[in-house]
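Summary of structural features
Listed below are the residues making up each chain.
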Amino acid sequence: MTERRYDYDLFVIGAGSGGVRAARRASEAGARVAVAEESRVGGTCVIRGCIPKKFLVYASQFGEAFEDAVGYGWSYENARFDWPTLIANKDREIARLEGVYRSNLEKSGVELINDRAVLAGGHEIALKRTGTTVSAERILIATGGRPNPHRALHGHELCITSDEAFELKKLPEKVVIAGGGYIAVEFAGIFAAMGVETTILYRGKEILQRFDMDLRRLLHAEYENKGIHIRCQDVLGRIEKKSDGWLRGTFLGGDCYDAEQIMLAVGRLPNTEGLGLEKLGIRQDKRGSICVDGYSKTNVDHVWAIGDVTDRMQLTPVAIHEAMCFVDTVFCGRPTKPDYGSVATAVFSQPELGTVGMTEDQARCDIDNLAIYKSVFRPLKNTLSGRSERMLMKLVVDADTDKVLGAHVLGPDAGEMAQLLGVSVKMGVTKSDFDRTMAVHPTAAEELVTMYKPSYTVRKGEVVEAA
């Protein structure tokens, strides 16, 4: 493949989802590959993100399931929840998954180096723990991101982030979550369902910016119905520790709120500090993210970067996709750019949110004539249980071409639906295709193929009520 002027054909810094996939694929293509990881193998998603978060979501849903069961003839007594048991079981499964990642690297012939690796100039990489230096013809940076500690906030060091939330020794009685993105919203649902008095504090006008407004508003309403306090257009000005060990947060609006824990979910930062980027002159944006071209290549000819460290689209499957495109381009002779069009995603709020494609507001800016199909209803399961929680289905359609531009779901299993809707939207599905599809009955998802008439139309950005 190359002259052995270097120790490795590829050196990957960071063993998260993207780094591991790139290392394995490149090794299987015949490259000599090493990957360095200073922490645990698996990265944010496996160790302190998607996977443990989903375990906590599952755990938090059993309370409502017990309540709903009564309407279906079941009875239960003395049901109780034990946080330490959940955390211990979560930790055990995460350790197992980390072992799988390590094993897969070994089976693929990748050398795993448990050390902090930084760029030392040229083609050299310094390993800080051992004090050694190695060389590689190509370097891939896949160091991911971390929670923003919000150092400008007085008392920020008293707060937790999502990282620490997974390791709490006990559930707090009260929690304030600063932020309105998916991390804040998901943890609010988790804590509230486990009996924690929960408040979301968000500087914007509505939670979940960049998602469809109808979903945002309905989720806001359902969260308040669950007892979650949502305070928009305000932020924390300072945080102090009280004599009883609790925290007092003072809002810029002037009033105060006491909580056992305050969680900061105010965005994430790229892991580029101290990485040695300046030694090679690698360009970064104002947030510190690494700038790359369409093929994930930096301005330095032998250095690439993928995943959250590039701040293109912060999703685990996207990092994995970028990794595969990188290997196809560099090692397989198939130049391939990542495709960021119509990426389906989910927010594991309660109720769950799944979405793909354009929101209505986005489509209004680009498309002259839109047909909006929307249905809000109470799922069948909630009838006997007496639960009032509603579900929403929405299709955003180009009225001139009949093409479905966006599909949005709020309700049980929305994430599962979004994955299949993602295939359809990616293939250019039309509203007529939905109409010709037989419904699966009785399901909530059948609503997607039975909305025959638009709820309203939009012409040049203005709403026209449907006949």
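Our subject is the structure listed above.
A brief structural summary. Note that the structure is a prediction, hence the values are computed from the model and not measured.

**Concerning the packing of aromatic side chains**
One pass over the structure, following the stated rule, counts 6 aromatic pairs. For the pair Phe 326 and Phe 331, a centre-to-centre distance of 6.0 Å together with 80 degrees between the ring planes defines the contact as edge-to-face. Judged on exposure class, the residue Phe 326 and its partner Phe 331 are both buried. For Lys 431, the ring lying beneath its charged end belongs to Tyr 373, and the centroid distance is 4.3 Å.

**Re the pairing of strand S23 (residues 462–465)**
One ladder, built from 4 bridges, connects strand S22 (residues 456–459) with S23; its direction is antiparallel. Across the sheet, the residue bridging to Thr 457 is Val 464, located in S23.

**Describing the sheet that holds strand S13 (residues 256–259)**
Ordered by their spatial adjacency, 3 strands build an open sheet running S11-S12-S13, and the pairing between neighbours is antiparallel. Looking at which strands have only one partner, the edges of the open sheet turn out to be strand S11 (236–241) and S13. Averaged over all neighbouring strand pairs, the angle between strand axes comes to 20 degrees, with direction disregarded. Summarising the sheet, strand S12 (residues 247–251) and S13 pair through 4 bridges and their orientation is antiparallel. Residue pairing across strands places Thr 250 opposite Cys 256, the latter belonging to S13.

**Some points on unusual backbone geometry**
Cis rather than trans, the peptide bond between Gln 350 and Pro 351 has omega equal to 15 degrees. Unusually for a residue other than glycine, His 150 sits at a positive phi of about 55 degrees. As for its position among the elements, His 150 is in the loop between strand S7 (145–147) and helix H5 (162–165). Here His 150 falls in the partly exposed class, since its relative accessible area comes to 28%. Of note in this structure, Ser 296 is not a glycine but carries a positive phi near 70 degrees. In this fold, Ser 296 is placed in the loop between helix H8 (277–280) and strand S16 (303–305).

The rules behind the values
Residues numbered from 1 in each chain as written. Predicted model: local features only at pLDDT ≥ 70, side-chain atom pairs only at ≥ 80, totals over all residues. Heavy atoms only, no water. Phe/Tyr/Trp six-rings, centres within 6.5 Å; stacked < 30°, edge-to-face > 60°. Buried < 20%, exposed > 50% of the residue type's maximum accessible area, 1.4 Å probe, protein only. Lys NZ or Arg CZ within 6 Å of the ring centre and 35° of its normal. Pairing = 2+ DSSP bridges. Helix = DSSP H or I, 4+ residues; strand = E, 2+ residues; numbered from the N terminus. Axes fitted to C-alpha atoms, helices over the stretch in contact; angles between N-to-C directions.

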